[in-house]
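Report on the structure
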Amino acid sequence: MPKIFKSQKKEKIVKTKEKKVLFQSPRGMHDIFLPEDQCLWEKIRETAKKTADFYGYSRIDAPILEFAEIFEKSAGEASDIVEKQMFVLKTRGGDRLALRPEGTAGIMRAYFQRGLSSLPQPLKLFYFGPMFRHEAPQAGRYRQFHQIGFEILGGENDPVYDAQVILTTVRLIEEVKIKNLTVQINNIGCRHCRPAYRKKLQAYYHARQNKICKDCRRRLSVNPLRLLDCKNEDCEEIKKEAPIMIDFFCADCRGHFKGVLEYLDELGLSYALNPYLVRGLDYYNGTVFEIFGDESKNALASGGRYDYLAEALKARKSSLPAVGSSIGVERVIELMKSRGFSCAVSASPKVFLIQMGEPAKKKAIRLIEEFRKAGVKIGESLGKDSLGNQLKIADRKNVEIALIFGQREVFEENIIIRDMKSGVQETVPLNKAVEEVKKRLK
Ligand code: HAM
């Protein structure tokens, strides 16, 4: 008896586990199913398309899976993304692929693989799609999230492009009625001036090693710039006195940064200099920025310049000017919602077709096509047969007109038009149904 009891218990556990797997999306991944939500997503997709079109970006769709090495070489082996957050899989053929944690590296790969450098430069590209990071899910931080990205590749390393990428990003977010954005901006130097700064920063933190957190002690040797990004209270305190990049700029970086700020001034875009802003991806040089809404603690968008990425991917031997930004779509949508952005969910049909009996059902399915051609939305419940049930549904859907089509109407080639408010019914020839409905809807 105890044996049976035990095995029954086991079965129960297996069943519960199975249920959990079958009826739950993976942690940090969400379904977008409410019509109101779909409407906001549609709005932002449309706005992205219009904004991109205006500023001259063409759409690019890269695969969601790329060779994992692309991200290891671009985001950096020591970055959180590569160390902790990538979803990596091995294919049956033995390839190591990763669900893209971000879009920029894949776009750079496509730029070279597809010979896009032969097009007029710089090339402006934009994308919209899901990204994947194995993070601890919390508000505004998911494992599957979407980005709208803008990238300007090739051409000259001109500060005007940095300003234009920021402008494009800000304008898109403003278009969905999120105002009062703050652009936090910094310049993290280039391969000529950054090493001296890095050394100074390392020395500063080295002298305070016993006061910083465990993660920062590790960062000290592998990625010292990331020390500035630590949110630990003690580390934040130490950061306040840390050396800043601006004191180490070479003439080019100083001139470039000044240029970017002057363009932003010209555009009337407000920004805040943040000398401690560094980014979680290793491919950046020069300009880096993050964009915040007034009540958002998470960045709505971020980006920067990545002139050395082409070299890091071994696509060429010299740098390729490049700058870009990505918007976190879920974060923008959350703000749209909290600010009461109203969205017109697509109108429900004003007409409902009721059919009774197999011959009527067969003709009904064809009649619906006539309404589609005429651009009149029509509701139906073709799986149901009884007049009462279908009338109830039509009533619940609040339609103005019900069309009633039974055996007799099929035989006489008529259809009944019922005004749902008054209950008045009229029989009209079947081939005049669309015309008569249109007249009444006017
Ligand atoms: P990122 O800062 O890692 O940069 O991500 C860009 C934006 O994506 C963030 O500002 C945020 O709004 C959103 N985001 C990031 N992680 C999550 C998450 N777990 N859940 C929800 N939203 C998130 C990049 O990805 C770079 N590729 C940006 C870029 C483009 N740089 C140059 N070009």
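Fair warning: this is a prediction, and the values are worked out from it, not measured in the lab. (Residues numbered from 1 in each chain as written. Predicted model: local features only at pLDDT ≥ 70, side-chain atom pairs only at ≥ 80, totals over all residues. Heavy atoms only, no water.)

Moving on: the overall build of the protein chain. If you tally the helices and strands in the protein chain, you get 16 helices and 16 strands. In terms of overall size, the protein chain is more extended than a compact globule, its C-alpha atoms giving a radius of gyration of 30 Å where 442 residues would be expected to give roughly 22 Å. On the principal axes, the C-alpha backbone points of the protein chain span a range of 95 × 80 × 45 Å. Among the 442 residues that make up the protein chain, the fraction classed as buried is 48%. Contacts spanning at least 24 positions in sequence make up 69% of the contacts within the protein chain whose residues lie at least 6 apart. Accessible surface, the protein chain: about 24300 Å² in total, of which carbon and sulfur atoms supply 52%. Averaging the positions of the 76 positive and the 58 negative side-chain charges in the protein chain gives two centres separated by 6 Å. (Helix = DSSP H or I, 4+ residues; strand = E, 2+ residues; numbered from the N terminus. Rg over C-alpha atoms; globule rule 2.2 N^0.38 Å. Buried < 20%, exposed > 50% of the residue type's maximum accessible area, 1.4 Å probe, protein only. Contact = heavy atoms within 4.5 Å. Areas by Shrake-Rupley, 256 points an atom, 1.4 Å probe, with all protein chains shown as cover. Lys, Arg positive; Asp, Glu negative; His and termini not counted. Charge placed at Lys NZ, Arg CZ, Asp CG, Glu CD.)

Attention now moves to the pattern of salt bridges. Summed over all chains, the structure comprises 27 salt bridges. The partner of Asp-61 in a salt bridge is Arg-59, with the nearest N and O atoms 2.8 Å apart. The exposure class assigned to Arg-59 is partly exposed, which follows from its relative accessible area of 44%. For the salt bridge of Glu-72 with Arg-96, the shortest nitrogen-to-oxygen distance reads 2.6 Å. Residue Glu-72 is found in helix H3 (residues 68–75), and its partner Arg-96 is found in strand E4 (residues 96–99); the two are separated by 24 residues along the sequence. Among the charged side chains, a salt-bridge network with shared partners connects Asp-80, Lys-84, Arg-226, Asp-229 and Lys-231. (Salt bridge = Lys/Arg side-chain N within 4 Å of Asp/Glu carboxyl O.)

The subject of this paragraph is the packing of helix H6 (residues 159–175) against helix H10 (residues 251–267). Direction vectors running N to C along H6 and H10 enclose 40°, while the axes themselves pass 8 Å from each other. Relative to H10, the element H6 is oriented oblique. Judged by the sense of rotation from one axis to the other, the crossing of H6 with H10 is right-handed. Facing Pro-159, Val-160, Asp-162, Ala-163, Ile-166, Leu-167 and Arg-171 of H6, the residues of H10 in contact are His-256, Gly-259, Val-260, Tyr-263, Leu-264 and Leu-267. (Axes fitted to C-alpha atoms, helices over the stretch in contact; angles between N-to-C directions. Parallel < 35°, antiparallel > 145°, perpendicular 65-115°, else oblique. Left-handed = near helix turned anticlockwise from the far one by under 90°.)

Residues in close proximity to the ligand total 26 residues, the closest being Glu-102, Glu-135, Arg-279, Tyr-284 and Ser-302. In this structure, a nitrogen atom belonging to the ligand sits 3.1 Å away from a side-chain N or O atom of Tyr-283. Burial of the ligand by the protein chains amounts to 96% of its free accessible area of 650 Å². Among the elements of the structure, strand E6 (144–153), strand E10 (301–305) and strand E11 (322–328) are those that each provide at least two residues to the shell around the ligand. For the shell around the ligand, the per-class residue count stands at 9 nonpolar, 10 polar and 7 charged. (Near = heavy atom within 4 Å. Polar contact = N/O pair within 3.5 Å; in protein donor to acceptor, adjacent residues only side chain to side chain. Nonpolar A, V, L, I, M, F, W, Y, C, P; charged D, E, K, R; others polar.)

A full pass over the atoms with the stated rule returns 3 cavities of 30 Å³ or more. Around the largest cavity, the lining residues are Ala-78, Ser-79, Asp-80, Glu-83, Arg-218, Arg-219, Val-222, Asn-223 and Arg-226. When contributions to the lining of the largest cavity are tallied by element, the ones reaching two or more residues are helix H4 (80–85) and helix H8 (214–222). At 3 residues, the largest contribution of residues to the lining of the largest cavity is made by H8. Each pocket or cavity is described by its volume, and for the second largest cavity that value is around 50 Å³. Looking at the second largest cavity, the residues that line it are Ala-62, Pro-63, Glu-66, Arg-100, Glu-102, Gly-103, Gly-106, Ile-107 and Tyr-127. A per-class count over the lining of the second largest cavity returns 4 nonpolar, 2 polar and 3 charged. (1 Å grid on protein atoms, 1.4 Å probe; cavity = no way out; pocket = protein on both sides within 12 Å on 5 of 7 lines; lining within 4 Å. Points joined across faces, edges and corners; volume = space filled by probe spheres on them.)

Topologically, Arg-226 is positioned in the loop between H8 and helix H9 (233–239). From its side chain, Arg-226 meets the backbone oxygen of Arg-279 in a polar contact 3.4 Å long. Arg-226 has contacts with Asp-80, Arg-219, Val-278, Arg-279 and Gly-280, leaving out every residue within four places of it along the chain.

Before going further, it helps to spend a moment on helix H7 (residues 194–206). It helps to recall that an α-helix has 3.6 residues per turn; residues three or four apart then point in one direction. Taking 1.5 Å of rise per residue, 13 residues should cover 18 Å, and H7 covers 18 Å from first to last C-alpha, within 8% of that figure. Turning to H7, its buried residues are Arg-194, Tyr-197, Leu-201, Tyr-204 and Tyr-205. End-on, the buried residues of H7 take up no more than an arc of 90°, which puts them together on one face. In this structure, the buried residues of H7 make contact with H8, H9 and strand E9 (285–292). (Expected span 1.5 Å × (residues − 1). Arc of directions from axis to C-beta.)

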